[in-house]
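Listed below, chain by chain, are the residues.
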Amino acid sequence: MNFIFLGPPGSGKGTQAKRVCEQLDILHLSTGDVLRDAVKNGTDLGKQAQKFMEAGDLVPDELIVGIIEEKLQSGQLDNGFVLDGFPRTVPQAEALKKMMDKNDKRIDSAILLDVSDEEVIKRLSGRFTCPNCGAMYNYPYNMPKKENVCDKCGHPELVRRPDDEEAVVKNRLEVYQKQTAPIVGFYRNESLLREISAEGALEEITDAVLKVMKEAR
Ligand code: AP5
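Since we're looking at a predicted model, the values are computed, not measured.

Some points on the overall build of the chain
Scanning the chain for helices and strands turns up nine helices and seven strands. Since a compact globule built from 217 residues should have a radius of gyration of about 17 Å, the 17 Å found for the chain is in line with a globular shape. Each principal axis of the C-alpha distribution contributes one length, and for the chain these read about 50 × 40 × 30 Å. Within the span of the chain, comprising 217 residues, buried residues form 47% of the whole. Partitioning the contacts of the chain with sequence separation of at least 6, the portion at a separation of at least 24 is 68%. A gap of 2 Å separates the mean positions of the 30 positive and 36 negative side-chain charges of the chain.

Following this line, the structure appears as structure tokens:
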């Protein structure tokens, strides 16, 4: 089972990918998470990516394609995967197609999570993450039981992502429209596109995503 989750920032790609990958026991690969780890650890990749991420711009294609190529070659994607946040440009989509062909693999579907800009702004202004275990919360949609304390690991401070500041979110939405939205047409042409309305209860969206994934196999 090999899937791509597409959609604007804050559409729930990460949230839904975690939920379905846990149920289906396949790998969740978020390029955003890989890059944030690289920034945190001060690696060369992190140093090159940081200024783009802080501005809400895309990191150059060659850096990202290199990450996916390495994961494919290492065998980490052999038992099925959801790609969350990749591809994000038409050249990335074309590079993925070549890499998949070369490794004798195929994408089952590219699933587009549809949400309005207003909902994105609301969600991202309320997003908090645990810096210790990565658990995600949202005020007011999905609050931790004890204020500012992680339910999962008990870490006593939840943090906001620097790129969730309002001005950066506006740029991320513009970047999405200009550079990422064209890949919707790319996957429509490949007959791989599936669309899901991603506003509403988390559980209902997960059910809709799982249904589409099972039908695509
Ligand atoms: P990345 O981390 O991929 O950010 P993004 O695509 O902007 O997506 P987000 O993580 O913000 O949102 P999401 O759709 O995963 O939503 P989430 O589940 O968190 O990338 C960050 C940066 O890295 C990019 O700007 C770029 O610089 C760089 N980058 C990464 N990949 C790249 C690539 N391929 N090429 C070039 N550059 C790249 O949900 C959001 C919030 O909403 C959460 O608080 C959640 O709890 C809440 N929520 C989710 N679903 C619901 C719901 N149904 N109802 C209410 N709240 C909900």
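Description of the packing of helix H7 (residues 166-180) against helix H8 (residues 182-189)
Closest axis-to-axis distance for the H7/H8 pair is 5 Å, and the angle between their directions is 40°. With respect to their mutual orientation, H7 and H8 come out oblique. Judged by residue contacts, Tyr176, Gln177, Lys178, Gln179 and Thr180 of H7 engage Pro182, Ile183 and Val184 from H8. Of the residues contributing to the contact of H7 with H8, the split by class is four nonpolar, three polar and one charged.

Re the packing of aromatic side chains
Summed over all chains, the structure comprises two aromatic pairs. On the basis of an interplanar angle of 90° and a centroid distance of 4.9 Å, the ring pair of phenylalanine 128 and tyrosine 139 is categorised as edge-to-face. With phenylalanine 128 in strand E5 (residues 127-129) and tyrosine 139 in the loop between strand E6 (136-138) and H7, the pair connects residues that are 11 residues apart, well separated along the chain. A residue is classified by how much of its surface remains accessible, and phenylalanine 128, at 19% relative accessible area, is buried. Arranged with centres 5.0 Å apart and planes meeting at 80°, the rings of phenylalanine 186 and tyrosine 187 form a pair that is edge-to-face. Judged on exposure class, the residue phenylalanine 186 and its partner tyrosine 187 are both buried.

Examining the sheet that holds strand E2 (residues 27-30)
An order of E2-E3-E1-E4-E7 is seen for the five strands of this open sheet, with the pairing classed as parallel. Only two strands of the sheet have a single partner each, and these edge strands are E2 and strand E7 (193-197). On average, each strand axis in the sheet is inclined to that of its neighbour by 20°, with strand direction left out of account. In this structure, strand E1 (residues 2-6) lies alongside strand E4 (residues 109-114), joined through four bridges in parallel fashion. Residue pairing for E4: phenylalanine 3 is matched across the bridge by serine 109.

Some points on the pattern of salt bridges
For the structure on display, the rule yields 14 salt bridges. Across the pair glutamate 166 and lysine 170 runs a salt bridge whose closest N-O atoms are separated by 3.3 Å. Of the two residues, glutamate 166 and lysine 170 both sit in helix H7, four residues apart, roughly one turn of that helix. One salt-bridge network, held together by shared partners, links Arg127, Arg161, Asp163, Asp164 and Arg172.

Focus: unusual backbone geometry
Proline 87 follows phenylalanine 86 through a cis peptide bond whose omega is -5°. Take proline 87: it is sitting in the loop between strand E3 (81-84) and helix H5 (90-102). In this structure, the amide linkage connecting tyrosine 139 to the following residue, proline 140, adopts the cis form with an omega of 10°. Looking at where proline 140 falls in the secondary structure, it is placed in the loop between E6 and H7. A positive phi is found at aspartate 25, a non-glycine position, where the angle reads about 55°. Residue position: aspartate 25 is located in the loop between helix H1 (13-24) and E2. Positive phi, close to 60°, is recorded for serine 191, a residue that is not glycine. Among the secondary structure elements, serine 191 is positioned in the loop between H8 and E7. Accessibility expressed as a relative area gives 56% for serine 191, which makes it exposed.

Looking at the nonpolar core
Core analysis: the largest hydrophobic core is formed by 32 residues, its most contacted members being Ile4, Leu6, Leu83, Phe86, Leu96 and Tyr187. Elements represented by at least two residues in this core include exactly E1, helix H3 (44-55), helix H4 (61-74), E3, H5, E4 and H8. Every residue in contact with leucine 83, bar those within four places of it in the chain, is listed here: Phe3, Ile4, Phe5, Leu29, Ile68 and Leu96.

About the thresholds
- Residues numbered from 1 in each chain as written.
- Predicted model: local features only at pLDDT ≥ 70, side-chain atom pairs only at ≥ 80, totals over all residues.
- Heavy atoms only, no water.
- Helix = DSSP H or I, 4+ residues; strand = E, 2+ residues; numbered from the N terminus.
- Rg over C-alpha atoms; globule rule 2.2 N^0.38 Å.
- Buried < 20%, exposed > 50% of the residue type's maximum accessible area, 1.4 Å probe, protein only.
- Contact = heavy atoms within 4.5 Å.
- Lys, Arg positive; Asp, Glu negative; His and termini not counted.
- Charge placed at Lys NZ, Arg CZ, Asp CG, Glu CD.
- Axes fitted to C-alpha atoms, helices over the stretch in contact; angles between N-to-C directions.
- Parallel < 35°, antiparallel > 145°, perpendicular 65-115°, else oblique.
- Nonpolar A, V, L, I, M, F, W, Y, C, P; charged D, E, K, R; others polar.
- Phe/Tyr/Trp six-rings, centres within 6.5 Å; stacked < 30°, edge-to-face > 60°.
- Pairing = 2+ DSSP bridges.
- Salt bridge = Lys/Arg side-chain N within 4 Å of Asp/Glu carboxyl O.
- Core = buried A, V, L, I, M, F, W, Y, C linked by side-chain atoms within 4.5 Å.

Keep in mind these values describe shape, not function.
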